[in-house]
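Coordinates in review
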Amino acid sequence: MIGLNLTSSRHLFGLHLQDKRTPRDTEVMRVLSRFMLSASDAAHFPPPSLPEVAFLGRSNVGKSSVINALVGSKLARTSNTPGRTRSINFFEIRRAGQPKPELLFTDLPGYGYAKVSREISEDWARFVDPYLHQRSSLTLCLALVDVNVPPQASDRQLLEFLEAARRPHAIVATKCDRLSGNELPRALKTLGQEYAGATIIPFSAKTGAGKDDLWGLIRDSVSKTPAL
Ligand code: GDP
């Protein structure tokens, strides 16, 4: 496999390549990803075709970094300008060697940043709400929450929205590498109390912690999706 990036070559929807290869590992290949389109109006969403996994979170939560860590390349932009992404970005995800993509990632606008809150609420009405309520191909919503900050009202609102909309969802606790010793278990316990009953996956884009677990969750969810 030419030009392989080690990170992406080691992951296939959560299957981790061991150094000692077994015959099964020969089936395991890298994940390829491609930007598809950007939609800031519900009329511009692509026709539903494949299971979709949505990434949501407050601005600066580390959403682009999570997406990039999962696919092993700089697919989503990372920035220090909160609230910059004002559209839903659709990305195709497929296994190398497969003729077609098998799922889509959707990157939704960050929320909770005071300066742009008015614009964000307009976005919410114009395309975020229709996407989350009506999108028939939406399989899993990943709500990203920064494990380093105390529970935020805007995160709670998102989780309540997803509950009310009956969307399957899980919490990705980002930037776990910033907490050490027993700080991390304590912060995860606080999150677990705040969002009782939710699946919470601790994640670090910096160290790769949680990547296999998150791919496992995505794979399970996609495999349970009836054909569209
Ligand atoms: P987005 O606005 O939600 O897309 O967030 P970005 O992915 O652009 O990340 C925002 C900031 O957090 C950047 O400075 C990143 O380098 C930093 N960051 C993101 N993920 C991690 C992580 O896992 N660990 C650490 N230490 N920093 C992170």
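The structure we're discussing is the one just above.
I will try to describe carefully the structure that is included in this document. (Residues numbered from 1 in each chain as written. Predicted model: local features only at pLDDT ≥ 70, side-chain atom pairs only at ≥ 80, totals over all residues. Heavy atoms only, no water.)

**Focus on unusual backbone geometry**
For R166, which is not glycine, the phi dihedral falls at a positive 55 degrees. By the element assignment, R166 lies in the loop between α4 (153-164) and β8 (169-174). A relative accessible area of 76% means that R166 is categorised as exposed. Look at K175: it is not a glycine, yet its phi comes out positive at around 60 degrees. (Helix = DSSP H or I, 4+ residues; strand = E, 2+ residues; numbered from the N terminus. Buried < 20%, exposed > 50% of the residue type's maximum accessible area, 1.4 Å probe, protein only.)

**Examining the site of the ligand**
Near the ligand lie 15 residues; those nearest to it are K63, S64, S65, D177 and A205. Within the contact set of the ligand, a nitrogen atom lies 3.2 Å away from a side-chain nitrogen or oxygen of R178. Protein burial of the ligand: of its 580 Å² of free accessible surface, 80% is covered by the chains. Partitioned by chemical class, the residues of the shell around the ligand number 2 nonpolar, 8 polar and 5 charged. (Near = heavy atom within 4 Å. Polar contact = N/O pair within 3.5 Å; in protein donor to acceptor, adjacent residues only side chain to side chain. Areas by Shrake-Rupley, 256 points an atom, 1.4 Å probe, with all protein chains shown as cover. Nonpolar A, V, L, I, M, F, W, Y, C, P; charged D, E, K, R; others polar.)

**Regarding the pattern of salt bridges**
Within the structure shown, the criterion is met by 10 salt bridges. One connected set of salt bridges, linked through shared partners, spans R86, D123 and R126. (Salt bridge = Lys/Arg side-chain N within 4 Å of Asp/Glu carboxyl O.)

**So, the sheet that holds strand β3 (residues 31-39)**
Strand order in the open sheet formed by 7 strands is β3-β5-β6-β4-β7-β8-β9, and the pairing between neighbours is mixed. In this open sheet, the two strands that pair with only one neighbour each are β3 and β9 (200-202). Averaged over all neighbouring strand pairs, the angle between strand axes comes to 25 degrees, with direction disregarded. Note: strand β4 (residues 52-57) against strand β7 (residues 138-146), 6 bridges, orientation parallel. Paired with A54 across the bridge in β7 is C141. Sheet strands in contact with helix α2 (residues 63-71) are β3, β4, β5 (88-95), β6 (103-107), β7 and β8, and its direction is about 145 degrees off that of β4. Each of β3, β4, β5, β6, β7, β8 and β9 touches helix α6 (residues 211-223); the most contacted strand, β7, lies at about 155 degrees to it. (Pairing = 2+ DSSP bridges. Axes fitted to C-alpha atoms, helices over the stretch in contact; angles between N-to-C directions. Contact = heavy atoms within 4.5 Å.)

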